[in-house]
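# Notes for the structure review
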Amino acid sequence: GQQVMQIPQYQHVQEGEDFTTYCNSSTTLSNIQWYKQRPGGHPVFLIQLVKSGEVKKQKRLTFQFGEAKKNSSLHITATQTTDVGTYFCCGNFGNEKLTFGTGTRLTIIP
Amino acid sequence: DSGVTQTPKHLITATGQRVTLRCSPRSGDLSVYWYQQSLDQGLQFLIQYYNGEERAKGNILERFSAQQFPDLHSELNLSSLELGDSALYFCASSVAWTGDYEQYFGPGTRLTVT
């Protein structure tokens, strides 16, 4: 089936360290979206990547879409306590069935 | 505040029972998605409606059904409930059905089956 694998499942970092989460699909994606869910909250849209090799930045967050449109990454530079939460990628296989990755739960050690 | 509302916020019921979860999409959004999030698990796509019509189906059990009404609100019906159905149920809305528009999530309904 169409699956999106996301790693790592958990990541504990010291405040100020960098963080990266990766998503991989077995088949080409039409686009990929990233969401953040704070503890006790609901997912909130961060960004969408559509083009092969696309790189987008939002302040300390850098999002990349692979050349083959099968993988993506989210990198946070110099993490802060406000970055705590679970980060999900969401792959669109072009068949209207959106598939979320399993998420990476980020905790920050002050 | 995403503009998506879900009721009730919490629901506690017994096995074998039937419940209805309600979702009102953001103003102007025609598409509604339903997701199930179990403890420490990701978001499982259940079903999508666009302007009253079912557009896509995910891993939705036969005991579950949904519909979208003319005023665009949606209801998710869960019947013959089992302990394993305990989860957080989110609905999300989007302007289109194509999967390349931002989804706005509601606050969720936490269902506990005892």
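One can find the structure itself at the top, above this paragraph.
Every chain is numbered independently, its residues counted from 1 as its sequence is written. Chains and ligands are labelled by the order in which they are written, letters from A for the one and numbers from 1 for the other. The predicted origin of the model limits local features to residues at a pLDDT of at least 70 and limits the giving and counting of side-chain atom pairs to 80 or more, whereas totals for whole chains, interfaces and linings rest on all residues. For side-chain calculations, the full set of non-hydrogen atoms in the structure is used, while hydrogens and water are omitted.

What follows concerns the overall build of chain B. Scanning chain B from N- to C-terminus turns up zero helices and eleven strands. For chain B, the N- to C-terminal ordering of α and β elements is β-β-β-β-β-β-β-β-β-β-β. Its C-alpha atoms give chain B a radius of gyration of 13 Å, within 12% of the compact-globule value 13 Å for 114 residues. For chain B, long-range pairs separated by at least 24 residues make up 55% of all intrachain contacts whose partners lie at least 6 apart in sequence. To measure how exposed things are, a 1.4 Å probe is used in the Shrake-Rupley method; for residues, cover is taken only from the protein chains shown. When the accessible area of chain B is evaluated, it comes to approximately 5400 Å², of which 46% is carbon and sulfur surface. Counted as positive: Lys and Arg. Counted as negative: Asp and Glu. His and the chain ends are not counted at all. The location of each charge is read from NZ of Lys, CZ of Arg, CG of Asp or CD of Glu. Averaging the positions of the 8 positive and the 12 negative side-chain charges in chain B gives two centres separated by 4 Å. Secondary structure elements are defined from DSSP: runs of H or I of at least 4 residues count as helices, runs of E of at least 2 residues count as strands, and each element is numbered from the N terminus. All radius of gyration figures rest on C-alpha atoms, and the globule criterion is 2.2 Å times the number of residues raised to 0.38. By the convention used here, residues are in contact when the closest approach between their heavy atoms is within 4.5 Å.

A word on the pairing of strand 6 (residues 55-58) of chain A. Residue and element names in this part refer to chain A. Strand pairing is assigned whenever DSSP detects at least two bridges linking the two strands. Inspection of the sheet shows strand 6 paired to strand 7 (residues 61-65) by four bridges, in the antiparallel sense. The residue of strand 7 that forms the bridge with Lys56 is Phe63. Counted between consecutive antiparallel strands, the loop separating strand 6 from strand 7 contains two residues, among which Lys59 sits at a positive phi close to 55°.

If you look at the interface, chain B gives 23 residues, while chain A gives 21 residues. A quick way to say it: buried area is the sum, across both parts, of accessible area lost when two parts are put together, with a 1.4 Å probe. Interface of chain B and chain A: buried area, both sides summed, is about 1700 Å²; carbon and sulfur atoms make up 50% of it. Salt bridge criterion: a side-chain nitrogen from Lys or Arg within 4 Å of a carboxyl oxygen from Asp or Glu. At the surface where chain B touches chain A, the tally comes to zero salt bridges. Pairing of N or O atoms within 3.5 Å defines a polar contact, subject to two protein rules: one partner must be a possible hydrogen donor and the other a possible acceptor, and residues neighboring in sequence count only if both atoms are side-chain atoms. Where chain B meets chain A, there are five residue pairs in polar contact (both at pLDDT 80 or more).

All names here are of chain B. With respect to the helices and strands, Leu81 occurs in the loop between strand 8 (74-78) and strand 9 (87-94). A simple rule labels every residue: compare its accessible area, found with a 1.4 Å probe on the protein chains alone, to the largest value its type can have, and call it buried under 20%, exposed over 50%, or partly exposed in between. You can call Leu81 buried: its relative accessible area is 2%. Each C-alpha atom, one on Leu81 and one on Leu11, is 12 Å from the other, the two residues being 70 residues apart in sequence. Setting aside residues no more than four positions away along its own chain, Leu81 makes contact with Thr13, Ala14, Thr15, Gly16, Gln17, Val19, Arg63, Leu111 and Val113.

For the rest of this paragraph, the subject is the nonpolar core. Counting 21 residues, the largest nonpolar core has B:Val19, B:Leu21, B:Trp34, B:Leu76, B:Leu78, B:Tyr89 and B:Leu111 as its most contacted members. Contributing elements (two or more residues each) for this core: strand 3 (19-24), strand 4 (31-37), strand 5 (43-50), strand 7 (64-68), strand 8, strand 9 and strand 11 (109-113) of chain B. To qualify as a nonpolar core, a set must consist of buried Ala, Val, Leu, Ile, Met, Phe, Trp, Tyr and Cys residues joined through side-chain atoms within 4.5 Å. Within the second largest apolar cluster, 20 residues are counted, among which are A:Phe19, A:Leu29, A:Leu46 and A:Phe93.

When two cysteine sulfur atoms lie within 2.5 Å, the pair is treated as a disulfide. Counting across every chain of the model gives two disulfides over all chains. Considering cysteine sulfurs only, A:Cys89 is the nearest to A:Cys90, which forms no disulfide, with 7.7 Å between them.

Our focus in this paragraph is the pattern of salt bridges. All names here are of chain B. Counted according to the given criterion, the structure contains five salt bridges over all chains. Among the ionic pairs, Asp29 bridges to Arg26, the shortest N-O distance being 3.0 Å. Taken together, the shared-partner salt bridges in this structure form one network comprising Arg63, Glu82 and Asp85.

All we've got here are geometric facts, nothing functional implied.
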